[in-house]
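Each chain, letter by letter, is given below.
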Amino acid sequence: MRALTYTSFLGIACLVLEIFNLRKIVVPVVVLALLAILGINFTEWNGSSVSFYNDMLRADNFALAFTGLLIVTAAGLVAMSGSFYDAEETKLADYISVIVFTLCGGIALVSFSNMAMLFIGLEVLSISLYILAGSKRRDIRSNEAAMKYFLMGSFASGILLFGITLVYGATGSFNLVQIGVYASEGNVDPIFTVGVIMILIAMLFKVSAVPFHFWAPDVYEGSPTLTTAMMATLSKVAAMAAFYRLFSVSFVNNFSGFAWILSVVAALTMLVGNLTALNQDSFKRMLAFSGVAHAGYMLLAIMSLYQNSANALFFYTVAYTFASLGAFAIGISVMKRRKSEKIEAFNGLGKSNPFQAVALTIFMLSMAGIPPLAGFFAKYYVFFEAIKTQHLAVVIVAVITSAISVYYYFKLILAMWTRDSEEGEAAAGGAISYVAIAAICLVVTLALGVLPSLVPSISQMAGR
Amino acid sequence: MTLLNIFADPHISINHYIAVSAMLFTIGVFGVLFRRNAITIFMCIELMLNSVNLLLVAFSTYHHDNSGQVFVFFIMAVAAAEVAVGLAILVTIFRNLHTIDIDELKNLKN
């Protein structure tokens, strides 16, 4: 788990670069350093699941695979931040260091093996995101998004902490494996069950599943778009992986009692997310609701806890991350040029900038799950795991809602290809970094669609 | 021994601590849900966290295990960082809106 140590130092190094007035090189330095950390991360691959710091963290394949995904996402976000924050160059190093600290929180979240690290990771991730959500100080919408995110986030942390405390009261330990041992003995204390339900509620809050999703659209809409991209990819993936890790190690033995709660939540999340996305006219709000719906599909993998469902979840998060990172890269570039966040801003993109329009079309099709793109196999694996564990009814809901989702993805695609832009502007390409990130995401989305076996198997599971 | 018959118990047991903490936590939750002043909401969130601290220390003594008390320090440190960021957000809102009533925050609804 050297990745976590090095990433923390990298965040501090950013601030030091700012002191020495090396602001110009901070973006390339951080991107290269993150790629180096990615390499170091995978040298531990297939190791013997070593535990670190008195069993606070555990570097098994599950942790390493998700760490790799988060590092790549963060590198993409940092690469885009150079041109995204071009109007506030003096604060660039601060923003980048906060992005790197968010990554630290994410890494702690996917590799914890002690409740303390779950809490610290979640808080480091959330506090950094509160700062980034409110980073447009003079924009009241950004203030409002930060405030809503802060209130909802700290409320959820309070519930999570009470849950952790009750579980500690019943088991006498914060260690995931020891909690799992207690739970497998049967005859659990009622406060243990209450604690698990409170932890469940807090995690559903963090991944924006349906009864607790109401904050997501507002926060996504008000935050600066790069931060929205970060919430939709990095933070959602980290929270989902933490959710899976927690339940697969600690609560798997008495899981059948919670599986039906999760199946109802997953079905509702997919329905509400996809149906509300239908009549959104803002690009960011539409992606926010689509993100809520995708959280529902990912919950299917958590619901069917199985040896293989970790693989299904990882594949889904990879496909989803690259599709939405690419969509946001193009979205930021277009919305910045047209100064509007409406879907109409994408009118005529097919003529003025064919590459961006093709890429965005493919990202949307991948999110809708059209073969032969990565999103199709992602959905296929997740549905397959759910069917294997007899959750047929939820899978039927999932299939119907993904058919519905095609409608609103096509709304954007039709706007790009069939409508003409009212302003007859020159086809400015946007900054090179957006196009480069979109191209990389495009290659990954297409490659995983043709060869889904490229994603490594992570079946060596946490602590078992 | 359930939560309900603790009132019949003359000695202070772990269940009394659970009851007090649960009450404090509930007061905090209702404060967050029903108060409209942002500062009051922050205080209610602190109340939730402090009820957790109380319960952790009680459980820590009950199990003769120090890790619960260490966890309390984690919570205190993180809560301080969290409230620092929260107050900073509140200051920016007050500069823009001249109020800290969270009902005034409705620029993001369709």
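Rules of the game
One numbering rule holds for all chains: residues counted from 1, following each sequence as written. Each chain is given a letter, starting from A, and each ligand a number, starting from 1, according to the order in which they appear as written. At least 70 in pLDDT is required for a residue's local features to be given in this predicted model, at least 80 for side-chain atom pairs to be given and counted, and no such filter applies to totals for whole chains, interfaces and linings, which use all residues. The helix and strand labels rest on DSSP assignments: H or I over at least four residues marks a helix, E over at least two residues marks a strand, and numbering proceeds from the N terminus. Radius of gyration here uses only the C-alpha atoms, and the compact-globule reference equals 2.2 Å multiplied by the residue count raised to the power 0.38. Around each residue's C-beta, the other C-beta atoms within 10 Å are counted; 20 or more make the residue buried, 12 or fewer make it exposed, and counts in between make it partly exposed. All C-beta atoms are placed from the backbone. In this description, any two residues whose backbone-derived C-beta atoms lie within 7 Å of each other are considered to be in contact. Axis angles are defined between N-to-C directions and span 0 to 180 degrees, where every axis is a line fitted to C-alpha atoms and, for a helix, only to the segment in contact. In this scheme, roughly parallel covers angles under 35 degrees and roughly antiparallel covers those over 145, while 65 to 115 is roughly perpendicular and the rest are oblique. A clockwise turn of the near helix away from the far one marks a right-handed crossing, whereas an anticlockwise turn of less than a right angle marks a left-handed crossing. Following the grouping adopted for this structure description, the nonpolar residues are Ala, Val, Leu, Ile, Met, Phe, Trp, Tyr, Cys and Pro, the charged ones are Asp, Glu, Lys and Arg, and the polar ones are all others, Gly among them. One less than the residue count of a helix, multiplied by 1.5 Å, gives the span that helix is expected to have.

Overview of the overall build of chain A
- Summing up its helical and strand segments, chain A has 18 helices and 2 strands in all.
- The globule rule puts the C-alpha radius of gyration for 464 residues at 23 Å, and the 21 Å found for chain A is close to it.
- Across its three principal directions, the C-alpha atoms of chain A cover 70 × 55 × 40 Å.
- Here chain A, with 464 residues, has 63% of them falling under the buried criterion.
- Within chain A, residue pairs in contact and separated by at least 24 positions form 79% of the contacts whose partners lie at least 6 positions apart.

A short note on the overall build of chain B
- A count of helical and extended segments in chain B gives 3 helices and 0 strands.
- Each of the 110 residues in chain B was classed as buried or not, and the buried ones make up 29%.
- The long-range fraction of contacts in chain B, counting pairs at least 24 apart against all pairs at least 6 apart in sequence, stands at 37%.

Overview of the packing of helix α11 (residues 256-278) of chain A against helix α17 (residues 392-418) of chain A
Residues and elements named next belong to chain A.
- The contact between α11 and α17 brings their axes to 9 Å, and the two run at 15°. The orientation of α11 relative to α17 falls into the category roughly parallel. Crossing geometry of α11 relative to α17 is assigned as left-handed. On α17, the residues touching Ser 263, Ala 266, Ala 267, Met 270, Leu 271, Asn 274, Leu 275, Ala 277 and Leu 278 of α11 are Val 394, Val 397, Ala 398, Thr 401, Ile 404, Ser 405, Tyr 407 and Tyr 408.
- Residue classes in the contact of α11 with α17 are distributed as 13 nonpolar, 4 polar and no charged.

Comments concerning the packing of helix α16 (residues 374-388) of chain A against helix α18 (residues 432-450) of chain A
Residue and element names in this part refer to chain A.
- Their axes nearest at 7 Å, the elements α16 and α18 cross at an angle of 50°. In terms of their interaxial angle, α16 and α18 are classed as oblique. Contacts between α16 and α18 pair Ala 374, Phe 376 and Phe 377 from the former with Thr 445, Leu 448 and Gly 449 from the latter.

What to know about unusual backbone geometry
- For the bond from Pro 371 of chain A to Pro 372 of chain A, the omega torsion is 0°, close enough to zero to count as cis.
- Mapped onto the secondary structure, Pro 372 of chain A falls in the loop between α15 (354-368) and α16.
- Positive phi outside glycine occurs at Gln 390 of chain A, with the angle close to 60°.
- Tracing the chain through its elements places Gln 390 of chain A in the loop between α16 and α17.
- A tally of 10 C-beta atoms within 10 Å means that Gln 390 of chain A is categorised as exposed.
- Non-glycine residue His 64 of chain B carries a positive phi angle of around 50°.

Describing helix α9 (residues 215-222) of chain A
Residues and elements named next belong to chain A.
- Extensive coverage of α9 is indicated by the burial of 7 of its 8 residues.
- Regarding α9, the residues found buried are Ala 216, Pro 217, Asp 218, Val 219, Tyr 220, Glu 221 and Gly 222.
- At its buried positions, α9 is contacted by α5 (115-133), α6 (140-171), α10 (225-249) and α12 (283-303).

A look at α6 of chain A
All names here are of chain A.
- Between its first and last C-alpha, α6 extends 46 Å over 32 residues, near the 46 Å set by a 1.5 Å rise per residue.
- For α6, the tally of buried residues reaches 30 of 32 residues, placing the bulk of the element in the interior.
- Two residues or fewer past α6, Gly 172 is found with a positive phi of approximately 75°.

Regarding the interface of chain A and chain B
- Listed as interface residues are 31 residues of chain A and, on the opposing side, 32 residues of chain B.
- Listed by contribution, the elements that provide at least two residues to the side of chain A that touches chain B are α5, α6 and α9 of chain A.
- Per-element accounting of the side of chain A that touches chain B gives the leading share, 17 residues, to α6 of chain A.
- Partitioning the side of chain A that touches chain B into residue classes produces 17 nonpolar, 8 polar and 6 charged.

Overview of the environment of Ser 223 of chain A
All names here are of chain A.
- Topologically, Ser 223 is positioned in the loop between α9 and α10.
- For Ser 223, a count of 27 C-beta atoms within 10 Å corresponds to the buried category.
- With 227 residues separating them along the chain, Ser 223 and Val 450 place their C-alpha atoms 35 Å apart.
- Sequence-distant contacts of Ser 223, defined by excluding residues within four places in its chain, comprise Ala 133, Ser 142, Ala 145, Thr 228 and Met 231.

Examining the environment of Thr 171 of chain A
All names here are of chain A.
- Among the structural elements, Thr 171 can be located in helix α6.
- We classify Thr 171 as buried; it has 22 C-beta atoms within 10 Å.
- Thr 171 sits 12 residues away from Ala 183 along the chain, and the two C-alpha atoms are 8.4 Å apart.
- Those residues in contact with Thr 171 that sit more than four places away from it in its chain are Gln 178, Ile 179, Tyr 182 and Phe 192.

Thoughts on the environment of Tyr 380 of chain A
Residues and elements named next belong to chain A.
- Structurally, the position occupied by Tyr 380 is in helix α16.
- Since 16 C-beta atoms lie within 10 Å of it, Tyr 380 is described here as partly exposed.
- Taking the C-alpha atoms as reference points, Tyr 380 and Ala 74, separated by 306 residues in sequence, lie 27 Å from one another.

Read these as layout, nothing more, since geometry by itself doesn't imply function.
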